[in-house]
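# Analysis of the macromolecular model
Each chain, written out:
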Amino acid sequence: QVQMVESGGGLVQAGGSLRLSCAASGTIFSFYTMGWYRQDPGKQRYLVATITSGGGTAYSDSVKGRFTISRDNAKSAVYLQMNNLKPEDTAVYYCRGFLTDGRDYWGKGTLVTVSS
């Protein structure tokens with residue numbers, strides 16, 4: 001059974017930093033493209049950042065220059081370093097792992113709250 005489990009969310013003041021982690025199990029992690037998504041209450045979930053199996057990264061414009069996605073295949077983990085956080089970054093953050101053959105797995109999310 002494949003699982004993605006996020007951790008590291010919490011309450012932080014504007015301008016502060018948090019590091020989210022996502023631990024994968026039950027699969028060969030290194031094959032997967034991994035992504036972080038976020039969802040505000042009542043809004044759609046949207047992409048924050050992705051990292052391919054080869055280490056290529058992409059970011060939404062709203063977080064570019066502030067957030068960094070990375071992965072450690074030996075630990076089957078993906079991270080999101082979030083710096084200079086803003087109140088509008090407040091959301092539930094989800095980890096996703098997917099392959100081109102359609103396998104697609106999500107975590108249950110971790111809440112990030114940024115106070116002004």
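Residues numbered from 1 in each chain as written. Predicted model: local features only at pLDDT ≥ 70, side-chain atom pairs only at ≥ 80, totals over all residues. Heavy atoms only, no water.

Turning to unusual backbone geometry, a few remarks are in order. With a phi close to 50°, Ser-76 is a non-glycine residue in the positive phi region. Relative to the assigned elements, Ser-76 resides in the loop between strand S7 (67-72) and strand S8 (77-82). (Helix = DSSP H or I, 4+ residues; strand = E, 2+ residues; numbered from the N terminus.)

Let us now look at the pattern of salt bridges. This structure, assessed with the given rule, holds 5 salt bridges. In this structure, the salt-bridge partner of Asp-61 is Lys-64, at a minimum N-O distance of 3.1 Å. We note that Asp-61, like Lys-64, is exposed. The residue Asp-89 makes a salt bridge to Arg-66 at a minimum N-O spacing of 2.8 Å. Of this pair, Asp-89 sits in the loop between S8 and strand S9 (91-98) while Arg-66 sits in the loop between strand S6 (57-59) and S7, and the two are 23 residues apart along the sequence. Note on accessibility: Asp-89 and Arg-66 belong to one class, buried. Linked through salt bridges whose partners overlap, the residues forming this network are Arg-38, Arg-66 and Asp-89. (Salt bridge = Lys/Arg side-chain N within 4 Å of Asp/Glu carboxyl O. Buried < 20%, exposed > 50% of the residue type's maximum accessible area, 1.4 Å probe, protein only.)

Next up on the list: the sheet that holds strand S1 (residues 3-7). Taken in spatial order, the 4 strands make up an open sheet running S1-S3-S8-S7, and their pairing is antiparallel. Since the sheet does not close on itself, it has two edges, and those belong to S1 and S7, each with one partner. Taking each pair of neighbouring strands and ignoring which way they run, the sheet shows an average axis angle of 15°. Where S1 and strand S3 (residues 18-25) come together, 5 bridges link them in antiparallel fashion. If you follow Gln-3 over to S3, its bridge partner there is Ser-25. (Pairing = 2+ DSSP bridges. Axes fitted to C-alpha atoms, helices over the stretch in contact; angles between N-to-C directions.)

Here the focus is the state of the cysteines. Scanning the entire structure with this criterion turns up 1 disulfide. Between the sulfur atoms of Cys-22 and its disulfide mate Cys-95 the distance is 2.1 Å. As the torsion about the S-S bond is roughly -75°, the Cys-22-Cys-95 disulfide counts as left-handed. Remark: Cys-95 occurs in strand S9 and Cys-22 occurs in strand S3; sequence separation between them is 73 residues. By relative accessible area, Cys-22 is classed as buried at 1%. With relative accessibility at 0%, the residue Cys-95 sits in the buried group. (Disulfide = S-S within 2.5 Å.)

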